[in-house]
Every structure is written in structure tokens, then in C-alpha cells.
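Structural characterization, general
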Amino acid sequence: KKNVFGPAGMERAGVDDLYAIVPHRARGYQITSSGTLANCDLADTSNKIAGGGMLATAGDLVRFTIAFERGRLVKTATVDRMLTPAVLAGGAFSPYGLGWYVAERDGGQWYWHSGAQQGVSTFLLALRKQGISVAVMANLERVNLAELASRIALIVRR
């Protein structure tokens, strides 16, 4: 709360508590092997905080990228380092920086991260220096949201 959620203005973000009453918490779903929609089993995700096990809204995730880029969470030099593709031992570049996938696309740098756990799929995409951040969330597991987020970003960019 003190170092990330507060400085980023993430109003609804927090640690997931399986037993807490959380207003507007979405129920998670899955597609069964027979192709039908079913409720997911409830999962205690407290074992993976802060690499997961968190609750947030799409708006919170967008606020996170804005605060990240503007140096409110880490120094601007750290942002630059995090968004620099890693160089592998053989000299090849990796599409991953520090915590983010990064790529040059359509004349600018894009960075993103996906997330998933039982009943949930998420994708957070930002177009660096263009002020565009897109957060897409689904209360269904195993949904690839990358294409949808990219299309939204390209529409907004126009």
C-alpha cells in the first residue's frame, strides 16, 4: 500500500483473501474438457503474493503503468533498465527485460505482462512515451488477451 498502491493511485488493489467479502469480486470460470462453462474451484492464492494472489481493477492496472513510467514507483533510470531487452550469454537479445516483455512495434516501444490463475486471465500493455496503457481482464482461465489489448491500443493511438 505504501510503496506501490498508494503512489500509483490504485484505489481497489490489494491482497486477495479467499474468505473476505469483496464487493464486485468476479467469480472465476473455466471451460471443461467437454467444452461447457463451469465455476472454477476456489483457490487460496496467498502463497504467491506479490507474484500473484492480488486483486485489482483494470483501472488500477492502468494507473500502475502510468506511475511506473513517470518514475513514481522506481527511478526513471530503473524504468529504462527494466524495459531494456536482456542480452543472452551468446549475444542474442531476449524479448524480456526485468519483469516486462518488451518490443519495438509500430514506431515505438511496447511493454507488457500477462497473468493467470484459476478462473482468471489478464493482460497489461503499455505503449511507452505515448501515454497509452491497456488492461484487459477476463474471469475465465486460459484466455489469450494479447491480441485484444493490442487492437485496443492501436485504436486509441490513432
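Residues numbered from 1 in each chain as written. Predicted model: local features only at pLDDT ≥ 70, side-chain atom pairs only at ≥ 80, totals over all residues. Heavy atoms only, no water.

Description of the packing of aromatic side chains
- Counted under the stated rule, the structure contains 7 aromatic pairs.
- For the ring pair Phe64 and Phe68, a centre distance of 6.4 Å and an interplane angle of 5° mean the geometry is stacked. Within this pair, Phe64 and its partner Phe68 are both found in helix H2 (residues 58-69), separated by 4 residues, close to a single helical turn.
- We classify Phe68 as buried; its relative accessible area is 3%.
- Following the ring pairs from residue to residue traces out a cluster consisting of Phe64, Phe68, Trp100 and Tyr111.
- It is Arg105 that lies over the ring of Trp110; its NZ or CZ is 4.3 Å from the centre. (Phe/Tyr/Trp six-rings, centres within 6.5 Å; stacked < 30°, edge-to-face > 60°. Helix = DSSP H or I, 4+ residues; strand = E, 2+ residues; numbered from the N terminus. Buried < 20%, exposed > 50% of the residue type's maximum accessible area, 1.4 Å probe, protein only. Lys NZ or Arg CZ within 6 Å of the ring centre and 35° of its normal.)

Looking at the side chain of Ser133
- With respect to the secondary-structure elements, Ser133 resides in strand E8 (residues 132-138).
- Side chain to side chain, Ser133 and Thr65 meet in a polar contact 2.5 Å long.
- Once residues within four sequence positions are removed from consideration, Ser133 is found in contact with Val62, Thr65, Ile66, Leu125 and Ala126. (Polar contact = N/O pair within 3.5 Å; in protein donor to acceptor, adjacent residues only side chain to side chain. Contact = heavy atoms within 4.5 Å.)

Concerning the pairing of E8
- Within E8, 6 of the 7 residues are buried, which leaves it mostly tucked inside the rest of the structure.
- Here strand E7 (residues 120-127) runs beside E8; their pairing, made up of 7 bridges, is antiparallel. Residue pairing in the sheet places Thr122 in a bridge with Met137 of E8.
- Remark: 4 residues form the turn of the hairpin made by E7 and E8, two consecutive strands paired antiparallel; Lys129 in that turn has positive phi of roughly 70°. (Pairing = 2+ DSSP bridges.)

Structural notes on the nonpolar core
- Grouped together as the largest cluster of nonpolar side chains are 17 residues, with contacts concentrated most on Phe68, Leu83, Trp100 and Tyr111.
- Of all elements in the fold, only helix H1 (5-8), H2, helix H3 (76-82) and E7 reach the threshold of two or more residues within this core.
- Residue contributions to this core peak at 3 residues, all from H2.
- If you look at the next biggest cluster of nonpolar residues, it comprises 11 residues, including Trp110, Phe123, Leu125 and Leu127. (Core = buried A, V, L, I, M, F, W, Y, C linked by side-chain atoms within 4.5 Å.)

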